[in-house]
Amino acid sequence: MSDTTQNGPMLAADGTPLKRSLARALRRQKLRALLLVAPLLIFVLVTFIAPIADMLFRSVENQIVSDTLPSTTEVLADWEHSTGESPPEPVYEALYYDLFLAAEAKEHTKLGTRLNYEYTGVSSLFRSTGRGLDDLGDDYLDALEEVDDRWGDGDFWYTLMSGSGEADEDLMRAHVKRLRQLTGDALPGKVGFAPSTEIVALLPKTTAAYADFAAYTALVDGDVVAEEDPWESVYVGLMTDLQGADVASYSGPEAEALQAAAEAAADIEYIPLKTFFGDEDEDWLNADIWATVQTYSTKYTSGYFLNAVDLQLTPDGIEARPENQRIYIMLFKRTMFMSLAITFSCIALGYPVAWLLANLPASKANLLMILVLLPFWTSLLVRTSAWKVMLQQQGVINDVLVWLGLVADGNRLVMINNQFGTIVAMTHILLPFMILPLYSVMQGIPPSYLRAAKSLGATNWTAFWRVYFPQSVPGIGAGSILVFILAIGYYITPEIVGGTTGTFISNRIAYHISSSLNWGLGAALGAILLAVVLLLYWAYDRIVGIDNVKLG
Amino acid sequence: MAETSDSGAFVAFERVQKSYDGETLVVKDLNLTMPKGEFLTMLGPSGSGKTTCLMMLAGFETATYGEIKLDGVQINNIPPHKRGIGMVFQNYALFPHMTVAENLSFPLEVRKIGKSDREAKVRRALDMVQMGDFAGRRPAQLSGGQQQRIALARALVFEPELVLMDEPLGALDKQLREHMQFEITRLAHDLGITTVYVTHDQTEALTMSDRVAVFNDGRIQQLAPPDRLYEEPENSFVAQFIGENNTLEGVIKSISGNTCEVQLDDGEVIAARPVNVSEVGQRTRVSIRPERVEMDKSRLQEGAHTLKAEVLEFVYMGDIFRTRLRVAGNSDFVMKTRNAPDQVRLKKGQQVEIGWLPDDCRALDA
């Protein structure tokens, strides 16, 4: 009694607020319910939500350029592409060391493939140049060994680079981080090397190249840095540094050897890296290629999405693709049109069947139901191939038409490997998805409604159209959503019977995923398809109302 | 019972038979005529053919044999929508996707009646069932009783001369059902509509109808006004089906005019009124209504025969006492006595003498 007379929140018998008490009582129940659905939830998360999220991410992700050429893109940012001139020497210098490390890690061809989507020919450019990078360093090494043959020695280099005094651990950390980004691996372990700040200040390019070498040797190859001969890029770095460095005042380990080398360097022919790249392939001097690299050096790009709608991202902004490269808008339109055509043919064919199913006596309805479900028990490939047999020019239907004299033998109908064939085969395959929801809705409409309408004076047609049909609309809605969404993403049937004019956007996605390996574009196409389906679903909800969809 | 031809008949079934499977007859030789304005109820257990008859009249089933006439015209081959018969269905069959007003307007629209006319008629029909405020509602938003009224209004809105009702009150609770029974009969009489009403509820049939046709096994067992049906059942099915009834089995010992003697199976001989027994030696069931059984000898005829009975159960029911007795070997013999101040309340196991007027004791077929 006291609970009901007091003011304030209702209290349970033990004095805790009733709401909290109730929540506690229900918590166990909720937990148990959650536990029951947990396997499915995890399954859906892992196999459905996560791949979709990954796909959406891939459609904008573009870290490969900045991961592979971090210094290059940084230096290139200051370059103005509109002048039409190739970038200055520092860009090529940065490119040399970036590319050298990438080539050692065998990552440069991936970048070539990526950039080739945007500019044809980049792929082979990267591959061929990657092979020639060593030559320049080898030449320098030969010249240096003539001065002092320890220049080819790993132990000597290790001593020189380690120097004396304070070690620059930060520089080493930056290079390890960079290598991790490039290879995409965690790369545990210790490098066991760090250059002294003194030598870093004196020979910045040499130490940078050596740090790359050290990190790679220790972390990727698992070798001891001091025992390995340095990369050719280190000699290129040394020669570049010696062009201006004042080594006379240096007093660290092996200072004498360094001073001797500096003296000799004046006699060794130094080739600027821009010249080197130009000799390797004159495309490196092409400003358009550099503009493309600059445009796609961002971590995230809209380029894939623009490609997916027949546009392209150029250094000067968004542009339409050349006429002969536009296919995706056309494919999207065709996919929509054919899915709609399939949905409508499914309604036209499925409605009467569902009506019969719902109104026949049980024994006959069961037989008919088996016929409806029969296609479900047959392999999709078998059914599709059967249509091929039926519809091809030397196929069953053409043979019958010729035999009947309706079609001349030399003029057989083309019914397969085009849109018609795809629509016929897919209508057949998706028909059960229309019939079943329609049937379940129609079963719920008592025959007394039709009788009532007739007793009120309606003709058969009026009774059907004004009374029966409106009540079967939820079934049509459910069936249409099912068929349309299945159709819009269908792959196998259009692939087999579609020819060139009957293929869907999904066939193109499959091509990019498994043949051209342009996953970003495939992902962007898939994301657009997903967005279109969601948009249509939303529109359907607004117009018809999703509450009006009954699946059973 | 079998009034084959009547020139004034509004509805007539003539020798109508119906079979669904070609092997058994669901309706066997149905003959029935109804004058204009009559309220006739078809009453019977399920499967007795009453709904089939109604559906044949409405046009949803075709008669296998025989003629069905409406206002003198044979309608066997006229499709239902041209018969102009109003119908109320068991589950109301209100169109769920239309409002109440649209439901009512539907029969007027298909008859191509003008908009203003239609609205006036819909309003009048809704007012008639006191549902004027519900025109904009959907059927799902109405209670069962309200849906029932709308279904009724819809069947009447196009002013049919004949209205068929197929167990329209079956889904309502008892109180509402009784109220609607009254409403329906009032409307039917006020509007002068001829009504065929199908039910398996005998109280409904007795309280509402001008005449009741009791169906069993595809035949009309008796067609009579309610009082005659109850008091003068013509066979043992009707006696059993309508109201509560006691039966005692035996053999006819003698018949003379309006009385006969029946020897019960335990040897007792009682007087009864012969109804459909004709010869001595025939087996018979004697039927006595529980409320006509008397304990008070002063209310029986001089020298009337009495039987010994043992009280098995005494139930106090407020207005009456219901006593179950064992009489002549029958332990389901029921006696109903009025709860009057001087009425004795019997005890279980008590021995009493009971009797009845010979006219209340009808010897029927076995």
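Chains are numbered independently. Their residues run from 1 in the order of the written sequence. Ligands are numbered from 1 and chains lettered from A, in the order in which they are written. Totals for whole chains, interfaces and linings use every residue, but because this is a predicted model, local features are given only for residues with pLDDT of at least 70 and side-chain atom pairs only at 80 or more, for both listing and counting.

With respect to the overall build of chain A
Test applied: A run of H or I in DSSP counts as a helix once it spans at least four residues, and a run of E counts as a strand once it spans at least two, with each numbered from the N terminus. Two things to know: the radius of gyration comes from C-alpha atoms, and the globule rule equals 2.2 Å times the number of residues to the power 0.38. Buried, partly exposed and exposed are defined by the number of other C-beta atoms within 10 Å of a residue's own C-beta, namely 20 or more, between the two limits, and 12 or fewer respectively, with C-beta atoms placed from the backbone.
A count of helices and strands for chain A gives 26 helices and two strands. Taking 2.2 N^0.38 as the reference for a compact globule, 552 residues should give roughly 24 Å; the C-alpha atoms of chain A span a radius of gyration of 36 Å, well beyond that estimate. Each principal axis of the C-alpha atoms in chain A carries an extent, and together these give about 115 × 95 × 40 Å. Across the 552 residues in chain A, those meeting the buried criterion constitute 36%.

Here we look at the overall build of chain B
Our working rule: Any residue pair is listed as a contact if its two C-beta atoms, each placed from the backbone, are within 7 Å.
Regarding its fold elements, chain B presents eight helices and 19 strands. With respect to the principal axes defined by its C-alpha atoms, chain B has extents near 75 × 45 × 35 Å. The buried share among the 366 residues of chain B stands at 40%. Expressed as a percentage of contacts within chain B between residues at least 6 apart in sequence, the contacts between residues at least 24 apart total 64%.

A short note on the pairing of strand β13 (residues 269–274) of chain B
All names here are of chain B. Our working definition: Any two strands with at least two DSSP-identified bridges between them are counted as paired.
Where strand β12 (residues 259–264) and β13 come together, four bridges link them in antiparallel fashion. Bridging across to β13, cysteine 260 finds its partner in alanine 272. Turn length for the β12-β13 hairpin, with the two strands adjacent in sequence and antiparallel, is four residues, and the turn residue glycine 267 shows positive phi of about 105°. The pairing of β13 with strand β19 (residues 362–365) spans two bridges and is classified as parallel. Bridge assignment links proline 274 to a residue of β19, and that residue is alanine 363.

Thoughts on the interface of chain A and chain B
At the junction of the two partners, chain A supplies 15 residues and chain B supplies 18 residues. Per element, the largest residue contribution to the side of chain A that touches chain B is six residues, and it comes from helix α22 (residues 447–455) of chain A.

Concerning the sheet that holds strand β1 (residues 9–18) of chain B
Residue and element names in this part refer to chain B. Quick note on the threshold: Only C-alpha atoms enter the line fits that serve as axes; for helices the fit covers just the stretch in contact. Angles between N-to-C directions range over 0 to 180 degrees.
Strand order across the open sheet formed by four strands is β2-β1-β4-β5, with antiparallel pairing between neighbours. Unpaired on one side and paired on the other, β2 (27–35) and β5 (73–74) mark the two borders of the sheet. Packed on one face of the sheet, helix α1 (residues 50–58) meets β1, β2 and β4 (65–70) and runs near 120° to β1.

Here we look at the confidence of the model for chain A
The condition is simple: On a scale of 0 to 100, pLDDT captures the predictor's confidence in every residue.
Residue-level pLDDT values for chain A average 88, and 98% of them are 70 or greater. Across chain A, helix α17 (residues 328–359) of chain A holds the top mean pLDDT of 94, while helix α1 (residues 2–5) of chain A sits lowest at 48.

Things to note about helix α18 (residues 362–373) of chain A
Put simply, the rule reads: Each helix should span, by expectation, one fewer than its residue count multiplied by 1.5 Å.
Under the 1.5 Å per step criterion, the end-to-end length of α18(A) is 16 Å for twelve residues, consistent within 8% with the ideal 16 Å. Little of α18(A) is tucked away, with zero of its twelve residues classed as buried.

Concerning unusual backbone geometry
Residue and element names in this part refer to chain B. Its identity as a non-glycine residue notwithstanding, aspartate 29 has a phi of 50°, on the positive side. Mapped onto the elements, aspartate 29 comes out in strand β2. Located in the positive-phi region is tyrosine 92, a residue other than glycine, with phi close to 70°. Relative to the helices and strands, tyrosine 92 resides in the loop between β6 (85–88) and α2 (100–110). Tyrosine 92 gets classed as buried once you count the C-beta atoms within 10 Å, which come to 22.

Observations regarding the packing of helix α5 (residues 89–104) of chain A against helix α14 (residues 273–280) of chain A
Residue and element names in this part refer to chain A. Threshold: Roughly parallel refers to an angle under 35 degrees, roughly antiparallel to one over 145, roughly perpendicular to one between 65 and 115, and oblique to any angle outside these ranges. A crossing counts as left-handed when the near helix is turned anticlockwise from the far one by less than a right angle, and as right-handed when that turn is clockwise. Ten residue types, Ala, Val, Leu, Ile, Met, Phe, Trp, Tyr, Cys and Pro, are classed as nonpolar, four, Asp, Glu, Lys and Arg, as charged, and the remainder, Gly among them, as polar.
One way to put it is that α5 packs onto α14 with a least axis distance of 8 Å and a crossing angle of 70°. Between α5 and α14, the crossing angle belongs to the class labelled roughly perpendicular. In the packing of α5 onto α14, the handedness of the crossing is left-handed. Of α14, the residues touching α5 (which contributes Glu89, Tyr92, Glu93 and Tyr96) are Leu273, Lys274 and Phe277. The class makeup of the residues in the contact of α5 with α14 is four nonpolar, no polar and three charged.

Focus on the sheet that holds strand β10 (residues 219–224) of chain B
Residue and element names in this part refer to chain B. Strand order in the open sheet formed by six strands is β6-β7-β8-β3-β9-β10, and the pairing between neighbours is mixed. Edge positions in the open sheet fall to β6 and β10, since each of these has one partner strand only. Each adjacent strand pair in this sheet contributes to an overall mean axis angle of 20°, direction not counted. One ladder, built from four bridges, connects strand β3 (residues 39–43) with strand β9 (residues 211–216); its direction is parallel. Bridged to leucine 40 within β9 is arginine 211. Where helix α4 (residues 144–156) meets the sheet, its contacts fall on β6 and β7 (162–166), and the angle it forms with β6 comes to roughly 170°.

Re the nonpolar core
Rules: By convention the nonpolar core is taken to be a set of buried residues drawn from Ala, Val, Leu, Ile, Met, Phe, Trp, Tyr and Cys and joined through C-beta atoms within 7 Å.
Within the largest apolar cluster, 98 residues are counted, with the highest numbers of intra-cluster contacts made by Leu57(B), Ala153(B), Leu164(B), Ala213(B) and Val214(B). Excluding anything up to four places from it in sequence, Ala213(B) contacts Leu32(B), Leu40(B), Thr41(B), Met42(B), Leu43(B), Ile220(B) and Leu223(B). Counting residues in hydrophobic clusters, the runner-up holds 69 residues, among them Ala94(A), Tyr96(A), Leu160(A) and Met161(A).

Here's the deal with the domain arrangement of chain B
Residue and element names in this part refer to chain B. For clarity, the threshold we go by: Boundaries of every domain are those given by an automatic assignment or by a domain database.
Here chain B is described as being made up of domain 1 (9–236) and domain 2 (246–365). One C-alpha centre belongs to domain 1, the other to domain 2, and the line joining them spans 39 Å. Taken together, the residues of the side of domain 1 that touches domain 2 break down into one nonpolar, two polar and one charged.

Considering helix α15 (residues 287–295) of chain A
Of all the residues in α15(A), the buried ones are Trp290(A), Ala291(A), Thr292(A), Val293(A), Gln294(A) and Thr295(A). Each element contacted by the buried residues of α15(A) is listed here: α3 (63–68), α4 (70–76), α6 (108–116) and β1 (311–314) of chain A.

Re the confidence of the model for chain B
Residues and elements named next belong to chain B. Per-residue pLDDT for chain B has a mean of 89; in total, 98% of the residues score no lower than 70. Considering only residues more than four positions removed or in separate chains, one finds that residues 1–6, a stretch of pLDDT under 50, has eight contacts. Two numbers describe this predicted complex: its pTM, 0.77, and its ipTM, 0.82.

Notes on the pairing of β10(B)
Residues and elements named next belong to chain B. Bridging between β9 and β10 involves five bridges; their strand directions are antiparallel. Note that in β10 the partner of valine 212 across the bridge is alanine 224. As consecutive antiparallel partners, β9 and β10 are separated by two residues, and within that stretch aspartate 217 has a phi angle of approximately 55°, a positive value.

Here's the deal with the environment of Pro315(A)
Residues and elements named next belong to chain A. Mapped onto the secondary structure, proline 315 falls in the loop between β1 and β2 (317–320). On the neighbour-count criterion, proline 315 (15 C-beta atoms within 10 Å) is partly exposed. Ignoring anything within four residues of it in the chain, the contact list for proline 315 reads His81, Ala291, Gln294 and Thr295.

Some details on the packing of α5(A) against helix α7 (residues 122–147) of chain A
All names here are of chain A. Following both chains from N to C, one finds α5 and α7 inclined at 100°, their axes separated by 10 Å at the closest point. As far as their axial angle goes, α7 and α5 are roughly perpendicular. Each of Leu99, Phe100 and Ala103 in α5 lies in contact with α7, whose residues at this interface are Thr129, Gly130 and Leu133. Across the contact of α5 with α7, the residue classes tally to four nonpolar, two polar and no charged.

What to know about the domain arrangement of chain A
Annotation of chain A at the domain level lists domain 1 (2–58), domain 2 (70–295) and domain 3 (328–548). Taking only C-alpha atoms into account, the centre of domain 1 of chain A sits 58 Å from that of domain 2 of chain A.

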